[in-house]
Amino acid sequence: MMLLPGSALAQIGGQSSGTTAAPTIQIAAPSLPTGQSSTSFQGSVPQGTATADTIPLTLDDAVQRGLKANLGLLLSTTQTANARGQRLQDLQSLLPTITGNIKENYLQSDLAAEGLRIPGFPTVIGPFGYTDIRANLTWTVFSLNSLKTYMAAKHNFAATQLTAQDSRQLVILTVGNAYLKVLADQAQVESTEQQLKTSQVSLDQASRNHEAGTAPRLDELRAKVDTQSLQQQLITAKNTKEKDKLALGRVIGLPPAQSFETVDKAPYQAFDQPDVQQAIQQALATRKDRQASAEQTKASQDQHAAAVADRLPTLKADADYGDIGTNVRHSHGTVDATGTITIPIFKEAQFRGEAEVAKSQLDQQKFQQSDLDAQIEADVRDALLDIASSQQQVEVSKSNVDLSAEVLSEAQDRYKAGVSDNLAVSDAQQTVAQANSQYINSLYQHNLAKLNLARAMGVAENYKQYLGGK
């Protein structure tokens with residue numbers, strides 16, 4: 001299924017009794033870079049062509065590939081280039097504009113054709129010509145509106161740079177999430193295969209007992225139903241794994257036809273809970289999306305100041321200098337310079353409208369930044385709560401796996417000894433399947449919660465440290 005990156009933690013649905021279906025994973029929509037959708041981080045630009053070899057893929061390899069090919073990060077980079085171009089355009093309004101031109105004129109006039117007939121004066125004048133080489137300068141010497149507009153563009157550019165850095169965090173979380181999902185799928189396949197072997201042993205035992213006349217056919221039928229159910233679940237688990245491998249390949253830019261196998265195993269280590277307030281303060285100081293929001297707030301402040309300054313006078317200088325004559329050797333320099341002060345007298349409706357629009361955008365940005373601060377704190381608290389909860393779930397579910405295996409062994413021994421029928425064996429097999437599935441789910445949830453904490457604190461690039469438990 002499609003996984004969304006973000007700081008919200010995954011919620012894994014509980015499994016009903018008797019099922020070994022792969023984990024069901026749902027992730028709340030994250031706060032994303034401006035202008036991007038959550039699906040952009042699920043795509044990529046494929047790198048290279050597929051080969052016949054099966055590539056071994058570690059989590060580190062997957063992350064590095066994602067940082068090179070993930071669509072969300074590439075789109076964020078193009079937005080940075082766009083903002084850089086806009087900043088340069090706004091900078092030009094503060095700089096002088098100089099242009100040059102060369103004119104070579106040729107003229108011949110027929111005065112008679114224009115109705116001029118002067119006795120003793122030729123009716124045709126020319127041909128004659130002249131050369132004009134000239135440079136023109138235009139410079140808005142003072143415009144507070146232009147200055148503030150440039151400052152806003154500068155802050156917007158800084159914001160897009162920080163957003164690109166934040167996109168790297170989202171890519172790491174997305175790739176790590178997809179990789180851990182494949183590891184969970186693989187564990188589910190292996191668990192189901194082991195359960196199928198155990199069920200086959202029970203089926204063989206029930207068949208021998210029925211043939212020997214020591215057990216009713218019901219035992220054999222019951223064991224056969226259990227075995228075939230596990231076969232169906234194994235088919236589903238393998239299909240889920242392959243589909244999730246395709247999703248992982250899409251995230252990191254592998255060609256769809258490229259075969260690969262995950263190398264790492266799902267890690268587990270108890271996590272040392274940090275101080276909540278210190279973690280929140282670190283997140284507020286480190287998160288790149290918060291820093292980008294602060295730059296956008298500064299940009300909105302400058303845009304509002306630019307709108308207010310639009311009613312102030314501006315000073316503009318125009319000048320041209322050139323050399324004009326019949327040719328370059330017979331020419332003379334000319335110069336023309338003009339200074340203009342423009343004072344707006346009556347554009348009050350426009351000025352007030354621009355100021356109100358800019359003020360509303362500034363207020364909106366301030367509200368969004370306040371909400372982001374609250375969201376960051378909630379992200380950290382949610383992550384810490386989920387880590388603590390999932391850690392307990394891992395420990396309990398691991399104990400439950402051992403206990404259910406012991407129950408199954410006891411039930412098999414009782415059935416083999418003829419003390420009971422295989423109903424207890426069938427129930428015990430389902431209990432083992434449920435315990436294994438819960439353990440796989442809780443381990444996935446624990447590791448994903450750690451990744452989400454790293455993202456929530458703005459240090460997703462240290463994912464190894466967090467998955468290691470520190």
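Residues numbered from 1 in each chain as written. Predicted model: local features only at pLDDT ≥ 70, side-chain atom pairs only at ≥ 80, totals over all residues. Heavy atoms only, no water.

1. A word on the overall build of the protein chain
The condition is simple: Helix numbering and strand numbering both begin at the N terminus, where a helix is a DSSP run of H or I of at least 4 residues and a strand a DSSP run of E of at least 2. We compute the radius of gyration over the C-alpha atoms and compare it with the globule rule, which gives 2.2 Å times the number of residues raised to the power 0.38. Whether two residues touch is decided by their heavy atoms; if any such pair falls within 4.5 Å, the residues are in contact. Areas reported as accessible are Shrake-Rupley estimates using a 1.4 Å probe. Residue values count occlusion only from the protein chains shown.
Looking only at helices and strands, the protein chain features nine helices and eight strands. On C-alpha atoms alone, the protein chain measures out to a radius of gyration of 37 Å, which is more than a quarter above the 23 Å that the 2.2 N^0.38 rule sets for 470 residues. Principal-axis analysis of the C-alpha atoms places the extent of the protein chain at approximately 145 × 50 × 35 Å. Considering only intrachain contacts with a sequence separation of at least 6, the fraction spanning at least 24 residues in the protein chain is 82%. Counting only carbon and sulfur atoms, one obtains 55% of the accessible surface of the protein chain, whose full area is about 24,400 Å².

2. Remarks on helix H4 (residues 217–252)
What counts, and what does not: Take the number of residues in a helix, subtract one, and multiply by 1.5 Å to get its expected span.
Taking 1.5 Å per residue, 36 residues should reach 52 Å; H4 reaches 53 Å between its end C-alpha atoms and fits that length. The positive-phi residue at the C-terminal boundary of H4 is Gly 253, with phi of around 85°.

3. Examining the packing of helix H7 (residues 348–416) against helix H8 (residues 423–456)
What counts is decided by this rule: Axis definition: a line fit to C-alpha positions, over the contact stretch in the case of helices; interaxial angles, taken between N-to-C directions, run 0 to 180 degrees. Orientation categories follow fixed angle ranges, with anything under 35 degrees roughly parallel, anything over 145 roughly antiparallel, 65 to 115 roughly perpendicular, and all other angles oblique. If you view the pair so one helix is near and one far, a crossing is left-handed when the near helix is turned anticlockwise from the far one by less than a right angle, and right-handed when it is turned clockwise. All amino acids are sorted into three groups, where Ala, Val, Leu, Ile, Met, Phe, Trp, Tyr, Cys and Pro are nonpolar, Asp, Glu, Lys and Arg are charged, and the leftover types, Gly among them, are polar.
Contact pair H7 / H8: the axes reach a minimum separation of 7 Å and the direction vectors enclose 160°. Between H7 and H8, the angle falls in the class roughly antiparallel. The element H7 and its partner H8 pack so that their crossing is left-handed. A class-by-class count of the residues in the contact of H7 with H8 yields 22 nonpolar, 15 polar and four charged.

4. Overview of the packing of aromatic side chains
Defined as follows: Paired rings are identified among Phe, Tyr and Trp, the last through its six-membered ring, by centres lying within 6.5 Å, and are further divided according to the angle between planes into stacked (under 30 degrees), edge-to-face (over 60) and tilted (the rest). Each residue is placed in one exposure class: buried if its accessible area under a 1.4 Å probe, protein chains only, is under 20% of its type's maximum, exposed if it is over 50%, and partly exposed if it falls in between.
Applying the stated criterion across every chain yields a total of one aromatic pair. Seen in terms of ring centroids, Phe 271 and Tyr 466 are 6.2 Å apart; in terms of plane orientation they differ by 25°. Their pairing is stacked. Here Phe 271 is found in the loop between strand E6 (259–262) and helix H5 (276–286), whereas its partner Tyr 466 is found in helix H9 (residues 463–467), with 195 residues between them in sequence. When its relative accessible area of 7% is taken as the criterion, Phe 271 is described as buried. On the basis of relative accessibility, which here comes to 9%, the residue Tyr 466 falls in the buried class.

5. Thoughts on a nonpolar patch on the surface
Rules: Here, patches come from residues exposed beyond 30% relative accessible area and free of salt bridges, joined within 9 Å for like charges and within 5 Å for nonpolar side chains (Val, Leu, Ile, Met, Phe, Trp, Tyr). Salt bridge, as used here: a side-chain nitrogen of Lys or Arg that lies within 4 Å of a carboxyl oxygen of Asp or Glu.
Together, Trp 139, Val 141, Phe 142, Leu 315, Ile 341, Ile 343, Ile 345 and Phe 346 make up a nonpolar patch on the protein surface, roughly 890 Å² of accessible area in all. Tallying contributions element by element places strand E5 (residues 124–142) first for the nonpolar patch, with three residues. Within the secondary structure, Phe 346 sits in the loop between strand E8 (331–342) and H7. Residue classification places Phe 346 among the exposed positions, given a relative accessible area of 72%.

6. Side note on the environment of Tyr 439
You can see Tyr 439 is positioned in helix H8. Judged by relative accessible area, Tyr 439 falls into the partly exposed class, the value being 22%. Distance in space between the C-alpha atoms of Tyr 439 and Val 63 is 26 Å, their sequence separation being 376 residues. Among all residues touching Tyr 439, those that are not within four sequence positions of it are Val 394, Ser 397, Lys 398 and Val 401.

7. Considering the pattern of salt bridges
Any two side chains of opposite charge can pair, given that their charged atoms come close. All told, the structure shown has 21 salt bridges when counted by the stated rule. Taking the shortest distance from any N to any O, the salt bridge between Lys 241 and Glu 261 comes out at 4.0 Å. Here Glu 261 lies in strand E6 and Lys 241 lies in helix H4, a separation of 20 residues in the sequence. The class of Lys 241 is buried, set by a relative accessible area of 11%. Its relative accessible area of 36% is what places Glu 261 among the partly exposed residues. When salt bridges with common partners are traced through the structure, they connect Asp 166, Arg 287, Asp 289, Asp 379 and Arg 455 into a single cluster.

8. Digging into the nonpolar core
To be explicit about the condition: Throughout this description, the term nonpolar core refers to a set of buried Ala, Val, Leu, Ile, Met, Phe, Trp, Tyr and Cys residues connected via side-chain atoms within 4.5 Å.
If you look at the biggest cluster of nonpolar residues, it comprises 30 residues, and the most contacted ones within it are Leu 248 and Ile 252. Among the elements that make up this core, the one with the highest residue count is helix H3 (residues 144–212) (eleven residues). Apart from the residues lying within four places of it in its own chain, the contact partners of Leu 248 are Leu 57, Val 175, Ala 178, Tyr 179, Val 182, Phe 260 and Thr 262.

9. Considerations on the packing of helix H1 (residues 59–69) against H3
Across the interface, H1 lies against H3 with an axial gap of 9 Å and an inter-helix angle of 140°. Comparing the axis directions of H1 and H3 gives the class oblique. H3 is crossed by H1, and the crossing has right-handed handedness. On H3, the residues that touch Leu 59, Ala 62, Val 63, Gly 66 and Leu 67 of H1 are Arg 168, Val 171, Ile 172, Val 175, Gly 176 and Tyr 179. Of the residues assigned to the contact of H1 with H3, the class counts are eight nonpolar, two polar and one charged.

10. Topic: the confidence of the model for the protein chain
This is how it is decided: What pLDDT expresses is the predictor's confidence in each residue, scored from 0 to 100.
For the protein chain, per-residue confidence averages 87 on the pLDDT scale, and 91% of positions sit at 70 or higher. Across residues 1–31, where pLDDT falls below 50, the model places 100 contacts with residues more than four positions away in sequence or in other chains.

11. Digging into the sheet that holds E5
To keep things clear, this is the line we draw: Pairing between strands is defined by DSSP: at least two bridges between the two strands are required.
The sheet built from four strands is open, its strands ordered E4-E5-E7-E8 with antiparallel pairing. Both edges of this open sheet fall to strand E4 (97–110) and E8, since each of them pairs with a single strand only. Pairwise comparison of adjacent strand axes, ignoring direction, gives a mean angle of 20° for this sheet. Note that E5 and strand E7 (residues 314–325) share eleven bridges and pair antiparallel. Of the residues in E7, the one forming a bridge with Phe 142 is Leu 315.

12. Details of the environment of Arg 311
Selection criterion: Counting of polar contacts relies on pairs of N or O atoms within 3.5 Å, with two restrictions inside protein: one atom must be capable of donating a hydrogen and the other of accepting it, and residues adjacent in sequence are counted only when both atoms are side-chain atoms.
The topology assignment puts Arg 311 in the loop between helix H6 (288–309) and E7. In this structure the C-alpha to C-alpha distance between Arg 311 and Gln 350, which are 39 residues apart in sequence, comes to 9.7 Å. What Arg 311 contacts, discounting residues up to four positions off in sequence, is Pro 344, Glu 348, Phe 351 and Arg 352. There is a polar contact of 3.1 Å between the side chain of Arg 311 and the side chain of Glu 348.

13. A word on H5
The condition that has to hold: Here the arc refers to the directions that run from the helix axis out to each C-beta atom.
For H5, the full list of buried residues reads Ala 279, Ile 280, Ala 283 and Leu 284. Taken down its axis, H5 places every buried residue within 135° of arc, on the same side. Exposed residues lying more than 90 degrees from the buried face of H5 are Gln 278 and Ala 285. Summarising the contacts, the buried residues of H5 are in contact with H6, H7 and H8. One side-chain oxygen at the N-terminal end of H5 lies 3.3 Å from the backbone nitrogen of Gln 277; it belongs to Asp 275.

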